[in-house]
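Next come the chains, spelled out residue by residue.
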Amino acid sequence: NAGVTQTPKFQVLKTGQSMTLQCAQDMNHNSMYWYRQDPGMGLRLIYYSASEGTTDKGEVPNGYNVSRLNKREFSLRLESAAPSQTSVYFCASTETGLLGEQFFGPGTRLTVL
Amino acid sequence: DQQVKQNSPSLSVQEGRISILNCDYTNSMFDYFLWYKKYPAEGPTFLISISSIKDKNEDGRFTVFLNKSAKHLSLHIVPSQPGDSAVYFCAASPPYGGSQGNLIFGKGTKLSVKP
């Protein structure tokens, strides 16, 4: 099992460009999450999907959109990238009953110039 | 306002000694607490957890203590090893509702274990 995979690993964008970060999990988990990690800020929740077909805002959703394409895949889209979105993005998944234990992908390091 | 606080950004410990990482929280309704470990250029990985109905949980070299009256938990690593050098995140889980399964993370403590 690959667990949680994310593509791309690295990306450089210019201000105003758009892109989609991809995430997939092969553990048959219902819930999926997108976080960003900034220096000194810990992990902050952007959006989450409690189950296929549902998405909800987290702590820092502005400037992002998400799609839960199916049970496996949860994508994060930046429509018009801004330098403030320079960060490391992590996708995670979990299953009801795992009592909060989330499984994380390796991250995408995004730089917006 | 931070609901989960790790007030020490970094900690340095000698190999073989005890490492104690601390975490405070503000919401008494949190019902589950977790510690994650993160190496550079990798995603966080689950380390150990504790339910709010317990005050201690042990897994090998790792022990988490929970003091509900003080809203404080700590992670003890004994003995510390150089491979434990990483950033440790404390996280709390809200009890119910649409956010079930969501986690609120602290800012992390970078542990350095020196040989």
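Residues numbered from 1 in each chain as written. Chains lettered and ligands numbered in written order. Predicted model: local features only at pLDDT ≥ 70, side-chain atom pairs only at ≥ 80, totals over all residues. Heavy atoms only, no water.

A short note on the overall build of chain A
Counted only if it meets this: Helix and strand definitions follow DSSP, with helices as H or I runs of at least four residues and strands as E runs of at least two, each counted in order from the N terminus. Radius of gyration here uses only the C-alpha atoms, and the compact-globule reference equals 2.2 Å multiplied by the residue count raised to the power 0.38. Per-residue accessibility, obtained with a 1.4 Å probe over protein chains only, is compared with the maximum for each type, and a residue is labelled buried under 20%, exposed over 50%, and partly exposed between these values.
The helix and strand tally for chain A stands at zero helices and eleven strands. Counting helices and strands in the order they occur from the N terminus, chain A gives β-β-β-β-β-β-β-β-β-β-β. Scaling as 2.2 N^0.38, a compact globule of 113 residues should have a C-alpha radius of gyration of about 13 Å, and chain A matches this with 13 Å. Seen through its principal axes, chain A has C-alpha atoms that stretch 40 × 30 × 25 Å. Burial status across chain A gives 48% buried among its 113 residues.

Description of the interface of chain A and chain B
Rules: Any pair of residues with heavy atoms lying within 4.5 Å of one another is described as a contacting pair. A 1.4 Å probe defines the accessible area here, and the buried area is the portion of it lost by two parts on being joined, summed over both. Each salt bridge in this description consists of a side-chain nitrogen of Lys or Arg and a carboxyl oxygen of Asp or Glu lying within 4 Å of one another. Think of a polar contact as two N or O atoms within 3.5 Å of one another; within protein, one of them needs to be a possible hydrogen donor and the other a possible acceptor, and neighboring residues in sequence only count if both atoms come from side chains. Residues are grouped as follows: nonpolar covers Ala, Val, Leu, Ile, Met, Phe, Trp, Tyr, Cys and Pro; charged covers Asp, Glu, Lys and Arg; every other residue, Gly included, is treated as polar.
On the side of chain B, 19 residues touch chain A, which itself brings 17 residues to the contact. For the pair chain A and chain B, the two sides together bury roughly 1500 Å², of which 59% comes from carbon and sulfur. Summed over the shared surface of chain A and chain B, the result is zero salt bridges. Here chain A is connected to chain B by one residue pair in polar contact (both at pLDDT 80 or more). By residue number, the principal contributor to the side of chain A that touches chain B is strand 5 (residues 42-49) of chain A, which donates four residues. For the side of chain A that touches chain B, the class distribution of residues is ten nonpolar, six polar and one charged.

Section: the environment of Gly108(B)
All names here are of chain B. Positionally, Gly 108 belongs in the loop between strand 10 (104-105) and strand 11 (109-114). Relative accessible area serves as the criterion here: at 9%, Gly 108 is assigned to the buried category. On a C-alpha basis, the gap between Gly 108 and Pro 9 in space is 6.5 Å, while along the polypeptide they are 99 residues apart. Among all residues touching Gly 108, those that are not within four sequence positions of it are Gln 6, Ser 8, Pro 9, Val 87, Tyr 88 and Phe 89.

Details of the pattern of salt bridges
Pairing is possible between side chains of opposite charge, provided their charged atoms come close. All names here are of chain B. Inspection of every chain in the model, using the stated rule, returns five salt bridges over all chains. The partner of Asp 84 in a salt bridge is Lys 37, and the shortest N-O contact between them spans 3.9 Å. Placement of the pair is Asp 84 in the loop between strand 8 (72-77) and strand 9 (86-93) and Lys 37 in strand 4 (residues 32-38), with a sequence separation of 47 residues. No difference in accessibility class separates Asp 84 from Lys 37, as the two residues are buried.

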